[in-house]
Amino acid sequence: MPSGTLQIKAISAHSGPIPGQGVQREEDVCKYIDVTTCIGCKACEVACVEWNDMPFQQTTFDNTYQTMPATAWNYWNLIKFNEHQRDDGSLMWLMRKDQCMHCEDPGCLRACPADGAIVQYTNGIVDFQQENCIGCQYCVSGCPFDIPKFNSSTKKVYKCTLCSDRVGQGLEPACIKACPTGCLKFGTKTDMRALADARAQQLREHSGFANAGVYDPPSVGGTHVIYVLHDATKPEQYGGLPANPVIPPTYTIWKRAAKPIGLLLALLAAPVAFFHYVMEGPKEPAP
Amino acid sequence: MNGAIERFDDRARRRVGAYGRTMVRENELVRHPVYTRVLHWSVAIFFILALLSGFAIYSPWLYRALTPLFGGGPTTRLLHPWFSLGFVIFFAFQILNWLEPMTWTSDDRRWMKQVKSYVTNKEPVEPEYVDFFNGGQKLYFWAIVASAVVFLLSGFPMWFPKTFGRITVDIGYVLHDIAALVMLVGFIVHLYEGTGAQPGTFQAMTRGTVERRWAWTHHPAWYRRATGRDPRTDYEQARQRSSRPPDPTARTDLK
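All of these numbers come straight from a predicted model, not from anything done at the bench.

**Q** Please clarify how the overall build of chain B should be interpreted in this entry.
**A** Across its full length, chain B holds 13 helices and two strands. C-alpha extents for chain B along the principal axes are approximately 70 × 50 × 35 Å. When contacts within chain B are restricted to residue pairs at least 6 apart in sequence, long-range pairs at least 24 apart make up 61% of them.

Structure (structure tokens):
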């Protein structure tokens, strides 16, 4: 389990070195979600709201069992329901706990232009630092999972912290603690991945789910929240989980390479003008 | 052009013009009336504010240096679209004001073909056909117009991302950057041309006047229209009167 400190690994829009980088090695943490044993009780939703001291609010009924259509700035954890009809005509109730995936390569952090508004700890947790957030919402368009949510009155963006405050003290996240079925587990990435693989194998071999598998998308470097799905070939049916989540090239190639090169080229105009003056001199009114 | 816009524009010109005046000294011509000057500097102030607040967010290397100018990151982000809106509104008036002298003509194509001689100060005076604005000035103007349109179209999705959606914001982000870089290059060249590169130019935008010899040097066709005199003849006469070396067209390069 992680130690009592949270050492930062990556800082958004930070131009200098990262303080204390590499002085200690920490285990990557991971949240394990087995959607096949989730009963949709929403205890995790309540635990999240309680621990993070957010107000209970009226639910939005839209003919599903979902609390509301999507996560909100003050509602970070939402069970998504989907009535899924299988090929043989039988019904399946798919329930997926939707929250921040804590990507190893976070699109939000890449997109963020504010120094220190988003940090990634060495244990893999991606955390928003609202005091540094400028409310530009680039993270919203940088996230392939539609997780960061903007609060228009505070002009800040919020999302699941993976209970970094609890994890930093050696506790598991609130949602994990509340889960009554054991479909949520928390530990190191290696352990959780092994557990997920074993469970997926069990589903394939003993429960008739030939396509069962683990959702840990490599396109974002893997995630620190992983799912065991009955059908890993069709993640979209679990409340719109993207099969191939990608960070928009706007925040990768463009931001990393084109922008600094473009700026340097544009600023070249200044020395060019200066040396024009030195070499050609001013054009005086004649005579 | 739309009659209603023209009238509105004209009223603004009359109103602003009524408050100021342009002192014309001996051997000077009025280059930019009060209205044009007020617009230019209003555009300039908002442009620089938008530029600094925009580049603060543009790059992590500039973030720490530029955001304190506006009271920190959040206020920089908050103010930037309003600065930009100020720029766009005043610049819209300037576009209406300058639509006619900024119209691209075949003379500007000719000017562009000899731009090398302009840059290297080959000739003491500009070609006879150069009117109120030369091809380079028009190119800068229309580049700013184009960038301003791109800014406006890409800026609103970035301002209200929820209304426009992810993809629009992503594309807008890239277009906004390109427009910013085009403007930055143009702005640097504009600063240089308006100050160090051509002595006597800056006062055209402050006091509003230029010397007659400045006019026949840089804008001979305009000189002809404004004074009814031949720029080349006046230049030759002034050259004979002056105590400078007999032939200033011959550059004394001591390389």
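**Q** Where do I start with the nonpolar core in this structure?
**A** In summary, soluble globular proteins display a tendency toward joint burial of nonpolar side chains. Counting residues in each nonpolar core, the largest one holds 84 residues, and the members touching the most others are C112(A), I118(A), C139(A) and I226(A). Apart from the residues lying within four places of it in its own chain, the contact partners of I226(A) are C30(A), Y32(A), I33(A), M192(A), R193(A), A196(A), V214(A), Y215(A) and D216(A). Formed by 12 residues, the second largest nonpolar core is a distinct cluster that contains V43(B), A50(B), F83(B) and F87(B).

**Q** Please clarify how the interface of chain A and chain B should be interpreted in this entry.
**A** Accessible area lost upon the coming together of the parts is a frequently used measure of interface size. Taken together, the 34 residues of chain A in the interface contact 43 residues of chain B. Those elements giving two or more residues to the side of chain A that touches chain B turn out to be helix 3 (138-142), helix 7 (253-267) and helix 8 (269-280) of chain A. Considering each element in turn, the side of chain A that touches chain B owes the most residues, six residues, to helix 7 of chain A. For the side of chain A that touches chain B, the class distribution of residues is 19 nonpolar, nine polar and six charged.

**Q** Any chance you could explain the packing of helix 8 of chain A against helix 9 (residues 166-194) of chain B here in plain terms?
**A** The geometry of a pair of packed helices is captured by two quantities: the angle between their axes and the separation between those axes. As a packed pair, helix 8 of chain A and helix 9 of chain B sit with axes 9 Å apart at the nearest point and diverge in direction by 20°. Put simply, helix 8 of chain A runs roughly parallel to helix 9 of chain B. With respect to the hand of their crossing, helix 8 of chain A and helix 9 of chain B are arranged in right-handed fashion. Listed contacts from helix 9 of chain B to A269(A), A270(A) and A273(A) of helix 8 of chain A are V185(B), I188(B), V189(B) and Y192(B). Among the residues forming the contact of helix 8 of chain A with helix 9 of chain B, the class breakdown is seven nonpolar, no polar and no charged.

**Q** So what exactly am I meant to see when it comes to the packing of helix 4 (residues 73-98) of chain B against helix 7 (residues 135-159) of chain B here?
**A** Residue and element names in this part refer to chain B. Close contact between helix 4 and helix 7 brings their axes to 11 Å; oriented N to C, the two are set at 145°. Handedness of the helix 4/helix 7 crossing: left-handed. Residues P81, S84, V88, F91, I95 and W98 of helix 4 form the contact with helix 7, whose participating residues are F141, V145, A148, F151, L152, G155 and W159. Residues that form the contact of helix 4 with helix 7 fall into these classes: 11 nonpolar, two polar and no charged.

**Q** Explain the sheet that holds strand 11 (residues 225-229) of chain A here, please?
**A** Strand-to-strand pairing in sheets goes through backbone hydrogen bonds, with the strands running parallel or antiparallel. Residues and elements named next belong to chain A. As summarised here, the arrangement of the four strands in space is 9-2-11-10, forming an open sheet in which the pairing is mixed. For this open sheet the edge positions go to strand 9 (184-188) and strand 10 (213-215), each flanked by a neighbour on one side alone. Taking the axes of each pair of neighbouring strands and ignoring which way they run, one obtains an average angle of 25° across the sheet. Direction of pairing for strand 10 relative to strand 11: antiparallel, over a ladder of three bridges. The partner of V214 across the bridge, within strand 11, is V228.

**Q** Quick question: what am I supposed to make of the sheet that holds strand 6 (residues 126-128) of chain A here?
**A** Residue and element names in this part refer to chain A. Pairing within the open sheet is antiparallel, and its three strands lie in the order 1-5-6. Two strands close off the open sheet at either side, each with one partner strand: strand 1 (8-11) and strand 6. Neighbour-to-neighbour, the strand axes of this sheet turn through a mean angle of 30°, independent of strand direction. Sheet analysis places strand 1 next to strand 5 (residues 118-121), joined by three bridges and oriented antiparallel. Paired with A10 across the two strands is Q120, which belongs to strand 5.

Calculation notes
Residues numbered from 1 in each chain as written. Chains lettered and ligands numbered in written order. Predicted model: local features only at pLDDT ≥ 70, side-chain atom pairs only at ≥ 80, totals over all residues. Helix = DSSP H or I, 4+ residues; strand = E, 2+ residues; numbered from the N terminus. Contact = placed C-beta atoms within 7 Å. Core = buried A, V, L, I, M, F, W, Y, C linked by C-beta atoms within 7 Å. Buried ≥ 20, exposed ≤ 12 C-beta atoms within 10 Å, placed from the backbone. Nonpolar A, V, L, I, M, F, W, Y, C, P; charged D, E, K, R; others polar. Axes fitted to C-alpha atoms, helices over the stretch in contact; angles between N-to-C directions. Parallel < 35°, antiparallel > 145°, perpendicular 65-115°, else oblique. Left-handed = near helix turned anticlockwise from the far one by under 90°. Pairing = 2+ DSSP bridges.

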